[in-house]
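Notes for the structure review
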Amino acid sequence: MPPLLQPPIQVKVKAVLKKREYGPKYMKNNFITGVRAINEFCLKSSDLDQLRKIRRRSPHDDTEAFTVFLRSDVEAKSLEVWGSLEALVRERKRRKEAEIEYRENLFRNQKLLKEYKDFLGETKPRSSATAVFLRGPGKVVMVAICINGLNFFFKLLAWVYTGSASMFSEAIHSLADTCNQALLALGISQSVRIPDQSHPYGFTNMRYIASLISGVGIFMMGAGLSWYHGVMGLLHPQPIESLLWAYCILAGSLVSEGATLLVAINEIRRSARARGLSFYQYVIQARDPSTNVVLLEDTAAVLGVTLAATCMGLTSLTGNPYYDSLGSLGVGTLLGAVSAFLIYTNTEALLGRSIQPDQLQRLTELLESDPAVRAIHDVKATDMGMSQVRFKAEVDFDGRVVTRSYLEKQDIEQLLQEIQQVKTLEELEVFMLKHGENIIDTLGAEVDRLEKELKQRNPEVRHVDLEIL
């Protein structure tokens, strides 16, 4: 019986590209900007004129495409200019030492200039720092400083004349308010500074820092001294002189503190209306810490004046000085409550709390409704203070939509001809590398577009960080 013939075995050979090792040689094909080439390789702008130039998409919305160079070309040019790597290293070291010396001289000259201006006086004050105190929270704080300063002076005279513990507490109260509002003014002036390299997100939190220190100051200076004086009055009661002048000064203080309180209330109402919030929400969320401090301090001042006048009246009617001391303790307790609220709200703001859920939902819906976005994850939106929001999310892009967006900008017939000319693995690699890099640029452009749309539709969003999954 003849042996059975076995069918021939067919072996499929899968064509694969050889795995490439990416070492330092490959990294030399990285791009480098002209500024970095000049600074890092100690070149002149004229040295770059003869190098190969490549136009690249800018990562910034308001900047056109810019020119970059191949790092290998820049390194070769630097060796040509300096002769050897050792000479280049020596030049870098020399320039670094010169830069350090320049910064030290600049700091020294700025210090001398400041001392000179302090001696002769400022002839041209900063317009931005001045203008901020002519409207909004700055105006409220300046009005409060003037009124509380006058109130402190007259209350101090009344305490010296009468010896009343309640009047002493009110004088200390006005002094604490004046000092704290001066601190708020400093915080406002610092918050309008332009962001720099060391503080890229600006100085807006200076208002919260000043308000936090103000709350601590109220507790230590205002509440502490009022409690101390009230306790001492209970332990060692003293007779009180005529209270007529004290009543007159308290009445004037009530009117002036009430006027400042109305200014603060009107400013908060206007700001809350502009942001679509209620008066209560605006205060609780510490949207404007400077105006909040003035509001709470003047509310405490009006209540404190009323409490002090009541306790002094009871002392005048009954001749019992204990009522006056109890008034001092009441004013101290009032100040302690205000300081606790200020410390809590400003600490919450400085810790970086999340924005309101409906606002966060609006931002996520805007991203999820975009055709290029498949899903978003790990969404974080932080209130940076003064209604400035920082938004961060990890975005899963739809590669098909991104690729189609790239293809819509290409000549399809020419692209088809390129595909038909691909015959070998090397030609396929060249084709894929060329268009793969262009698709990555298209993906970067999509990220820029989404960030720009988020900022345009939500003006409170100042910083957007979208990470590609």
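See the structure shown above.
Anyway, here's the lowdown on the structure attached to this text. (Residues numbered from 1 in each chain as written. Predicted model: local features only at pLDDT ≥ 70, side-chain atom pairs only at ≥ 80, totals over all residues. Heavy atoms only, no water.)

1. As for the pairing of strand E3 (residues 66–70)
Which entries qualify depends on this criterion: For two strands to be treated as a pair, DSSP must find no fewer than two bridges joining them. Secondary structure elements follow DSSP: runs of H or I of four or more residues count as helices, runs of E of two or more count as strands, with numbering from the N terminus.
Pairing between strand E1 (residues 31–33) and E3: 3 bridges, direction antiparallel. Directly across from Ile32, in E3, lies its bridge partner Phe69. With 3 bridges connecting them, strand E2 (residues 54–56) and E3 associate as antiparallel partners. Residue pairing for E3: Arg55 is matched across the bridge by Thr67.

2. Structural notes on helix H3 (residues 71–82)
Condition: To estimate how far a helix should extend, the number of its residues minus one is multiplied by 1.5 Å. Exposed residues in this analysis have more than 50% of their type's maximum accessible area, buried residues have under 20%, and partly exposed residues fall in between, with area computed by a 1.4 Å probe over protein chains only. Directions drawn from the helix axis to the C-beta atoms are what define this arc.
Over its 12 residues, H3 extends 16 Å from the first C-alpha to the last, a length consistent with the 16 Å expected when each residue adds 1.5 Å. What H3 keeps buried is the set Asp73, Val74, Lys77 and Ser78. Angularly, the buried residues of H3 cover 135° about the axis, an arc narrow enough to put them on a single face. A positive phi of about 90° marks Gly83, the residue just after H3.

3. Concerning the pattern of salt bridges
Heads up, the condition is: Each reported salt bridge corresponds to a side-chain nitrogen of Lys or Arg within 4 Å of a carboxyl oxygen of Asp or Glu.
If you walk through the whole model with that rule in mind, you get 19 salt bridges. Residue Glu91 is joined to Arg94 by a salt bridge in which the shortest nitrogen-to-oxygen separation is 2.7 Å. Remark: Arg94 and Glu91 occur in helix H4 (residues 85–120); sequence separation between them is 3 residues, near one turn of the helix. Glu91 gets classed as buried once you look at its relative accessible area, which sits at 11%. The salt bridge involving Arg362 is made with Glu460; its shortest N-O contact spans 3.6 Å. With Arg362 in helix H13 (residues 357–368) and Glu460 in the loop between helix H16 (425–457) and strand E6 (461–468), this residue pair connects regions lying 98 residues apart in the sequence. Through salt bridges with shared partners, one network takes in Asp370, Glu446, Arg449 and Glu453.

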